[in-house]
Amino acid sequence: MAGFSTELIHGADSKSRVPDVTPPINVSTTYSYDKDPTKLVKFAELKVEDYPFDTPYYSRFSHPNSINVEETVSKITGGHAVAYSSGLGAFFAIITYLNPKKISFGKGYHGCLGIVDLFVSKHGVERLSLEDADLEKLGPGDVVHLETPVNPEGLNSNIKYYAEKAHAKGALLIVDATFAPPPLQDPFKFGADYIIHSATKYFGGHSDLLAGFIITKHAKDKVNLFTERLLLGTNIANLESALLLRSLKTLDLRVRAQSKAATEIVKYLVENKEKLPKLKQVFHGSLQTDAYIKEQMPIGHSPVFSITVTDEETARHLPSKLKYFHHATSLGGVESLIEWRAISDSHVDPALLRVSIGIENVEDLIEDLANALS
Ligand SMILES: *Cc1c(COP(=O)(O)O)cnc(C)c1O
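The model shown is predicted, which means the values in this text are computed figures rather than measured ones. (Residues numbered from 1 in each chain as written. Predicted model: local features only at pLDDT ≥ 70, side-chain atom pairs only at ≥ 80, totals over all residues. Heavy atoms only, no water.)

Visitor: How do you make sense of the overall build of the chain when you look at a structure like this?
Guide: Regarding its fold elements, the chain presents twelve helices and twelve strands. Against the globule reference of 21 Å for 374 residues, the chain gives a C-alpha radius of gyration of 21 Å, in line with a compact fold. Taken over the C-alpha atoms alone, the chain extends approximately 75 × 50 × 35 Å along its principal axes. Looking at the chain as a whole, 54% of its 374 residues qualify as buried. For the chain, the proportion of contacts with a sequence separation of at least 24, taken over those separated by at least 6, is 71%. (Helix = DSSP H or I, 4+ residues; strand = E, 2+ residues; numbered from the N terminus. Rg over C-alpha atoms; globule rule 2.2 N^0.38 Å. Buried < 20%, exposed > 50% of the residue type's maximum accessible area, 1.4 Å probe, protein only. Contact = heavy atoms within 4.5 Å.)

Take a look at the structure:
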């Protein structure tokens, strides 16, 4: 395998169908079968290794642009990537696929929790917490879902710990690594069985596409997930895939810069707290001191952090005092965002603001935040 940034640019070169440097956007939903009748095969009779992933026939199954993004993400994660129309599409697909009786879910993205609640109310799945006593109740085939770094604070949890707990019971560990995409974190290295990403965030990076991924270590899973995705109707769209392929080329540059800037800004806020009367608390992985963190996040921390301010009314008003931060939900884009999180997530402190750092000049962002907080 070539280096990370090389794979981002060239990972899908072998899938190229034309000499174009930037692959064309194929809008076709259907593709002609082979003209040679002797080459026509029935999908059901194929072996796993002969599965026609690379031969598009209907875009709900796959298309040239989805093949390109899946190949690139497979290369950079060392797994088998399956793309979806959104991060929640990916989470719904993995829960449908694994079909657990019990799911341990701690803190995390409210939409994933919403899906777990659907399985609880409609299919009788039991929801457990991530507390040790609950992990003890898991059985073979059950699921531990760990979001790390976690929404909205950007704090880390120990992947290895939860992998061991899950595996001791025959359960599987899914890690939602949206807040720390490669190159920041590799959950497989610490025992994750499946990784999911909302590619709407850092993979996309420009706040202009919706997509998601499941990444598995097993080729057989990929075949099964493809088969189920064809039925669920949740493949990534053609146009989104083309935008995503463009975005992936700069993932390394963007994420490193965003991570570095976020950590600098957090440091400033913590060190200058007395000068910022509205600021109450800062939450970020860079402020955690647990021993596992250096190993799990060797390059840097999530470009997302959270702050709490003195009261709810201050949280409501603070975004309107900022020049360079859009007051908007989501994260991972090149533009910095801030969100009074209570608007979209009913589970958080109403005095909390979630901050996603983009690639603007760090001094400008610090000055902007310092102004608003004083
Ligand atoms: C945004 C997000 C999701 C959902 O992704 P969509 O692409 O919006 O469906 C899932 N997990 C986390 C951690 C997220 O931030």
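On we go from here.
Visitor: What am I meant to see in the packing of aromatic side chains here?
Guide: Between two aromatic rings, the relevant description is the distance of the centres plus the angle of the planes. Applying the stated rule across the entire model yields eight aromatic pairs. Seen from their ring centres, Tyr33 and Tyr57 are 6.1 Å apart, and the 20 degrees between their planes marks the pair as stacked. Note that Tyr33 is positioned in the loop between helix H1 (4–10) and helix H2 (64–77) and Tyr57 in the loop between H1 and H2, a separation of 24 residues in sequence. Residue classification places Tyr33 among the exposed positions, given a relative accessible area of 57%. (Phe/Tyr/Trp six-rings, centres within 6.5 Å; stacked < 30°, edge-to-face > 60°.)

Visitor: How do you make sense of the site of the ligand when you look at a structure like this?
Guide: Close contacts around the ligand come from 13 residues, with Gly87, Asp176, Ser198, Thr200 and Lys201 the closest. A distance of 2.7 Å separates a nitrogen atom of the ligand from a polar atom in the side chain of Asp176. Ser198 has a polar side-chain atom sitting 2.8 Å from an oxygen atom of the ligand. Summarising the interface, the protein chains cover 93% of the accessible area of the ligand, which totals 380 Å² for the free molecule. Counted by class, the shell around the ligand contains five nonpolar, five polar and three charged residues. (Near = heavy atom within 4 Å. Polar contact = N/O pair within 3.5 Å; in protein donor to acceptor, adjacent residues only side chain to side chain. Areas by Shrake-Rupley, 256 points an atom, 1.4 Å probe, with all protein chains shown as cover. Nonpolar A, V, L, I, M, F, W, Y, C, P; charged D, E, K, R; others polar.)

Visitor: Mind showing me how you'd approach the sheet that holds strand E5 (residues 172–176) here?
Guide: Remark on secondary structure: sheet strands pair via backbone hydrogen bonds, oriented parallel or antiparallel. Strand order in the open sheet formed by seven strands is E1-E7-E6-E5-E4-E2-E3, with mixed pairing between adjacent strands. Of all strands in the sheet, those with a lone pairing partner are strand E1 (80–84) and strand E3 (126–128), marking the two edges. Neighbour-to-neighbour, the strand axes of the sheet open up by a mean angle of 20 degrees, direction not taken into account. By the bridge criterion, three bridges tie E5 to strand E6 (residues 194–198) in an arrangement that is parallel. Bridge pairing in E6 links Val175 to Ile195. Running over the sheet, helix H6 (residues 159–168) touches strand E4 (143–147) and E5 and is turned about 150 degrees from E5. The strands touched by helix H7 (residues 219–232) within the sheet are E1, E6 and strand E7 (212–216), with E1 carrying the most contacts at an inclination of about 15 degrees. (Pairing = 2+ DSSP bridges. Axes fitted to C-alpha atoms, helices over the stretch in contact; angles between N-to-C directions.)

Visitor: Is there a simple way to think about the environment of Lys39 in this case?
Guide: Checked against the element boundaries, Lys39 lands in the loop between H1 and H2. Each C-alpha atom, one on Lys39 and one on Ala171, is 42 Å from the other, the two residues being 132 residues apart in sequence.

Visitor: I keep staring at the environment of Gln281 and nothing clicks. Help me out?
Guide: Topologically, Gln281 is positioned in strand E8 (residues 279–283). Separated by 71 residues in sequence, Gln281 and Leu352 have C-alpha atoms that sit 9.1 Å apart. Sequence-distant contacts of Gln281, that is, excluding residues within four places in its chain, are made with Lys273, Ser306, Ile307 and Thr308.

Visitor: What is the right way to read the nonpolar core from this model?
Guide: One recurring pattern in soluble globular proteins is that nonpolar side chains are buried together. Among the nonpolar cores identified, the biggest contains 44 residues, and Leu173, Phe203, Phe213, Leu244, Leu248 and Leu251 are the most heavily contacted of them. At four residues, H6 tops the list of elements feeding residues into this core. Leaving out residues up to four positions away in the same chain, Leu173 has contacts with Val144, Leu146, Ile159, Tyr162, Ala163, Ala166, His167, Gly191, Ala192, Asp193 and Tyr194. Counting residues in each nonpolar core, the second largest holds 30 residues, with Ile95, Ile103, Phe119 and Ile174 among its members. (Core = buried A, V, L, I, M, F, W, Y, C linked by side-chain atoms within 4.5 Å.)

These figures come from the coordinates and say nothing about function on their own.
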